[in-house]
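Coordinate inspection notes
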Amino acid sequence: MRILHLNAGRLTWLVAGAGAAVLSFTACSDEFSGCGADKDCGAAAGAAGSAGASGSAGAAGSAGTGGSSGVGGSAGVGGSGAGTGGAAGESGAAGADGGTPCDTTQSPTSESCLIDDAYGIFVAPSGDDAGDGTMSNPVKTITKALTLAKTDAKFVIACDGSYDERLNITEGAQLYGGFKCPGGTGAWTRETSGKATVAPAMRGVALNINATSKTAPVSIDNFEFDAQDGVDPGESSIAAFVNTPSTVALTNVKLVAGKGVNGADGTVTDLMFPAQTDLNGNAASGDTGGGGKVCTCADGATSKGGKGGDGGAVNATGGGAGSPALAGGA
């Protein structure tokens, strides 16, 4: 766009656009004056650069640490004049809280974060002893779980099913029942009313703790141990037998013994008592007491009567002791 403006003494020409230039003329004169003619024009002022774009927000920081602020946009480019710099980007949002670490001095029944492959060996009736004892690949028997737990210095978590085995613990161990079994919803979550049940089909002691070390404590939580009834005469039914110098803690544990069996009836063996004449001692000879006498019983056992005492006014003696010593004999 061009605008002409005439004054009495000067002609002004204004050019508007990206830049502005001013030219001067002297009216009614042969002299032409202008910066172009005088060659003293200064550099035209460039238009102000447009504002740079705002910087993007900084990335979120790692756990517990705030993100760094975003970088401001670069200055816009215009004429030779410098553009205004872009506004600084907003600071990144603070990182999420890293959380509280697991308290490994607690049990998985009270500290849910311990229900994890990093801390436990898992066992379920539907498992396989060829498995590695993880939550997704549990073993089948508690006996196998105890072996893996010893190797990896972990505890055993058993879901609330029935285990057909007799448990023999010879070293320190930690066993926890009361968890939902895999195959349903909420597997390996706590069941306050549940128990893992050890119910061997074989007769004998269901739980035998025979750890020999004083520094090998045994802890069992939320289990039930059921023993089979006795069968043979005199056979007992024992749910648990503990013989160890170490500390044993049974928490929420139920012990169920079956029925014992009466002992076998006694038998009567008739004894043919010897005739009285066979039991009489040997006769004396003068002042000399009769010699001892041996009697043989029907079952082959023997008894012996003591020698009779000697008589006489000077050398009289008492009789000797018989044997066995059932009624005062030797």
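Presented here is an overview of the structure given in this document. (Residues numbered from 1 in each chain as written. Predicted model: local features only at pLDDT ≥ 70, side-chain atom pairs only at ≥ 80, totals over all residues. Heavy atoms only, no water.)

Across its full length, the protein holds three helices and 15 strands. Sequence separation of 24 or more characterises 52% of the internal contacts of the protein that already satisfy a separation of 6 or more. Surface accessibility of the protein: about 20,200 Å² in total, with carbon and sulfur atoms responsible for 52%. (Helix = DSSP H or I, 4+ residues; strand = E, 2+ residues; numbered from the N terminus. Contact = heavy atoms within 4.5 Å. Areas by Shrake-Rupley, 256 points an atom, 1.4 Å probe, with all protein chains shown as cover.)

If you walk through the whole model with that rule in mind, you get two disulfides. The residue that forms a disulfide with Cys102 is Cys113, at a sulfur-sulfur distance of 1.9 Å. In this pair, Cys102 is assigned in the loop between α1 (35-38) and β4 (120-123) and Cys113 in the loop between α1 and β4, connecting sequence segments 11 residues apart. (Disulfide = S-S within 2.5 Å.)

On to the side chain of Glu165, then. Relative to the elements of secondary structure, Glu165 occurs in the loop between β6 (162-163) and β7 (167-169). Summary of buried charges: Glu165 has no salt-bridge partner, and the nearest side chain of opposite charge, Lys140, is 9.0 Å away. Within polar-contact distance, the side chain of Glu165 engages the backbone nitrogen of Ile142 at 2.7 Å. Once you skip the residues sitting within four places of it in the chain, Glu165 turns out to touch Thr141, Ile142, Thr143, Val198 and Pro200. (Buried < 20%, exposed > 50% of the residue type's maximum accessible area, 1.4 Å probe, protein only. Lys, Arg positive; Asp, Glu negative; His and termini not counted. Salt bridge = Lys/Arg side-chain N within 4 Å of Asp/Glu carboxyl O. Polar contact = N/O pair within 3.5 Å; in protein donor to acceptor, adjacent residues only side chain to side chain.)

Attention now goes to the nonpolar core. Membership of the largest hydrophobic core comes to 34 residues, with the highest contact counts inside it found for Ile142, Ile169, Leu175, Ile220 and Phe223. The set of elements that each furnish at least two residues to this core consists of β4, α2 (142-152), β5 (155-159), β7, β8 (173-179), β9 (196-198), β10 (207-209) and β11 (218-226). Among residues more than four places away in sequence, those in contact with Ile169 are Leu146, Leu175, Leu207, Asn208, Ile209, Asn210, Ala211, Val218 and Ile220. (Core = buried A, V, L, I, M, F, W, Y, C linked by side-chain atoms within 4.5 Å.)

On inspection of all chains with the given rule, the structure shows four salt bridges. With its nearest N and O atoms 3.3 Å apart, the salt bridge here joins Asp232 to Arg203. Of this pair, Asp232 sits in the loop between β11 and β12 (240-242) while Arg203 sits in the loop between β9 and β10, and the two are 29 residues apart along the sequence. Owing to a relative accessible area of 41%, Asp232 belongs among the partly exposed residues under this scheme. Accessibility expressed as a relative area gives 34% for Arg203, which makes it partly exposed. With a closest N to O distance of 2.8 Å, Glu235 and Arg203 form a salt bridge. Taken as a pair, Glu235 in the loop between β11 and β12 and Arg203 in the loop between β9 and β10 lie far apart in primary sequence, 32 residues in all. For Glu235, a relative accessible area of 19% puts it in the buried group. It is possible to trace a salt-bridge network through shared partners that takes in Arg203, Asp232 and Glu235.

Once that is clear, we can look at the sheet that holds β7. Pairing within the open sheet is parallel, and its three strands lie in the order β7-β10-β12. Edge positions in the sheet fall to β7 and β12, since each has one partner strand and no second. With strand direction ignored, the average angle separating the axes of adjacent strands in the sheet is 5 degrees. Note: β10 against β12, three bridges, orientation parallel. Counterpart to Ile209 in the pairing with β12 is Val242. (Pairing = 2+ DSSP bridges. Axes fitted to C-alpha atoms, helices over the stretch in contact; angles between N-to-C directions.)

So, on to the environment of Ser162. Within the secondary structure, Ser162 is located in strand β6. Residue classification places Ser162 among the partly exposed residues on the basis of a relative accessible area of 47%. Between the C-alpha atoms of Ser162 and Val198, which are 36 residues apart in sequence, the distance is 5.9 Å. With near-sequence residues (within four places) excluded, Ser162 lies in contact with Pro125, Thr197 and Ala199.

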